[in-house]
Amino acid sequence: MEIFRLNRTEEHDNYAARFGASDGIILVFPLYTDAMPGIVMAFIEKLSPWIGRMKGKRLGFIIHSGFPEPAHSRYIQRYLEWLCSKFQAEYAGTCVMGGSEGLRYMNEGSMDNKRLLFNRLGHDFISRGRFSPDTLKRIAGKEKLPVAMRFWFRLTGFSNAYWDMLLKKNHAYDTRFARPYSVE
Amino acid sequence: MKRITIVNGIQEDVTGFEKSLDRMMERLRNRMVFECFRLREMNISYCCGCLGCWVKSPGKCLYKDDMVSILKSVIRSDLVILISPVVMGFVSPLIKKATDRFIPLIHPYITIVRGECHHKKRYGRYPYLGLVLVDKESDSMNDSELITAVYKRAALNLRSRLLFTVCSNGSTEGLEHEIDDF
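What you see is a predicted model; the values in this text were computed from it and never measured.

1. Description of the overall build of chain B
Moving on, step 1. Helices and strands together make up the secondary structure of chain B, namely 6 helices and 7 strands.
Moving on, step 2. Helices (α) and strands (β) of chain B occur, in sequence order from the N terminus, as β-α-β-α-α-β-α-β-β-β-α-β-α.
Moving on, step 3. Relative to the globule expectation of 16 Å for 182 residues, the C-alpha radius of gyration of chain B, 16 Å, shows essentially globular dimensions.
Moving on, step 4. Reported as C-alpha extents along the three principal axes, the dimensions of chain B are approximately 45 × 35 × 35 Å.
Moving on, step 5. Among the 182 residues that make up chain B, the fraction classed as buried is 63%.
Moving on, step 6. Expressed as a percentage of contacts within chain B between residues at least 6 apart in sequence, the contacts between residues at least 24 apart total 75%.
Moving on, step 7. Of note, chain B has its 27 positive side-chain charges centred 11 Å away from the centre of its 22 negative side-chain charges.

2. Overview of the interface of chain B and chain A
Interface size is commonly expressed as the accessible area that is lost once the parts come together.
Moving on, step 1. Taken together, the contact between chain B and chain A spans 55 residues of the former and 52 residues of the latter.
Moving on, step 2. Note on chain B versus chain A: buried area summed over both sides is about 4,600 Å², and carbon and sulfur give 64% of it.
Moving on, step 3. In terms of surface lost to chain A, no three residues of chain B exceed Met88(B), Tyr109(B) and Leu146(B), which account for 17% of the buried area on that side.
Moving on, step 4. At the junction of chain B and chain A, the tally comes to 3 salt bridges.

3. Focus: the UniProt feature "domain: NADPH-dependent FMN reductase-like" (unreviewed entry) in chain B
Moving on, step 1. Feature annotation in UniProt places "domain: NADPH-dependent FMN reductase-like" (unreviewed entry) on residues 20-102 of chain B, given in this structure's numbering.
Moving on, step 2. Regarding residues 20-102 of chain B, the helix share stands at 37% and the strand share at 17%, and the terminal C-alpha atoms are separated by 27 Å.

4. So, helix α7 (residues 160-169) of chain A
Moving on, step 1. All buried positions along α7(A) are accounted for by Asn160(A), Tyr162(A), Trp163(A), Asp164(A), Leu166(A) and Leu167(A).
Moving on, step 2. The elements touched by buried residues of α7(A) are α2 (52-55), β4 (106-113) and β5 (116-121) of chain B.
Moving on, step 3. Phi turns positive one or two residues past the end of α7(A), at His171(A), with a value near 55°.

5. Looking at the sheet that holds strand β2 (residues 58-64) of chain A
Residue and element names in this part refer to chain A.
Moving on, step 1. One open sheet accounts for 3 strands, arranged β1-β2-β3; its pairing is parallel. Edge strands, defined here as strands with exactly one partner in the open sheet, are β1 (24-30) and β3 (90-97). Direction aside, the axes of adjacent strands within the sheet are offset by 15° on average.
Moving on, step 2. Pairing geometry for β2 and β3, over 7 bridges, is parallel. Across the sheet, His-64 pairs through a bridge with Met-97, a residue of β3.

6. Section: the pattern of salt bridges
Moving on, step 1. On inspection of all chains with the given rule, the structure shows 19 salt bridges over all chains.
Moving on, step 2. The salt bridge partner of Asp78(B) is Arg125(B), with a shortest N-O separation of 2.7 Å. Of this pair, Asp78(B) sits in the loop between α3 (67-76) and β3 (79-85) while Arg125(B) sits in the loop between β5 and β6 (128-134); the two residues are 47 residues apart in sequence, bridging distant segments of the chain.
Moving on, step 3. By relative accessible area, which is 40% here, Arg125(B) ends up partly exposed.
Moving on, step 4. Salt bridges linked by common partners bring Asp34(A), Lys144(A), Glu116(B) and Arg153(B) together as one network.

About the thresholds
Residues numbered from 1 in each chain as written. Chains lettered and ligands numbered in written order. Predicted model: local features only at pLDDT ≥ 70, side-chain atom pairs only at ≥ 80, totals over all residues. Heavy atoms only, no water. Helix = DSSP H or I, 4+ residues; strand = E, 2+ residues; numbered from the N terminus. Rg over C-alpha atoms; globule rule 2.2 N^0.38 Å. Buried < 20%, exposed > 50% of the residue type's maximum accessible area, 1.4 Å probe, protein only. Contact = heavy atoms within 4.5 Å. Lys, Arg positive; Asp, Glu negative; His and termini not counted. Charge placed at Lys NZ, Arg CZ, Asp CG, Glu CD. Buried area = accessible area lost by both parts, 1.4 Å probe. Salt bridge = Lys/Arg side-chain N within 4 Å of Asp/Glu carboxyl O. UniProt positions renumbered as here; feature names shortened; annotations may be inferred. Pairing = 2+ DSSP bridges. Axes fitted to C-alpha atoms, helices over the stretch in contact; angles between N-to-C directions.

Structure, rendered in structure tokens:
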């Protein structure tokens, strides 16, 4: 098993060559403006020689987003399914996980359940060649925020406390509403 | 006069679209102000996701590259037209790289829009978006539906709206029709 870090753009040609030589690939990226980051799109462009030549290979995707609802990632999921069909690879599924921005601040204990689910995801991929729908559902959680939670978000500005904490830590809280690109 | 920012993500102009675009802008110059950015000739870094533009220097990207001039133009315009070839069924990496870098224009705070979490506005007003997909192969235009769906979402997250998607094999006729009514 190998991990290719796509932020190493100088390696994209090398990674693209090894993409087609792999039996199974999981492409992982954060959701940037509702799709893959530009750096991932630059890598996807390099994969054109593999169109129609990935028969028998398994291809899965993991998208994580700062927004809590997986619904935001479903639009680009449709593209990934289409891309997989262009390669003629076997679609292993798309795992969508919301609320990832705050993960780094979660304590080890509260991460246990997520870790367990991701271990299961990897196990499914290796043993069955695809992600289990049940695991995907458990990782994704509710597609949209329940009405009560939306009301609570709006009322309390709960998520803003996270941003305020980071802004204060960086001594940037007082300028948080700055509009530096306005033309006076 | 309406202000229009054109973000050109064409990597290699194989269809002659850019010449048509120049002629179109010339025709409309007495009614509209255009600012045109050719991404392939600009120094723009990939967004690294540091979120510094939200929590370290609010509203300002930490990279000091050519994206600054685009963001200034975008936020003062009425319409932003994104021009891209169809690459592997999606927009070009150049256009994706540029639109990733739009995030300093919005605020990290979350609000509920249409029952979903979205970011709050940083600025008082935002331009509409338009998308032009340029490809010499008309078959590629079947991909426009998927691309449009994603860019409608991107527009919503920019607290704006995607007004149109135009598919072109090199002509600006469809685009001119769209902006003529704008």
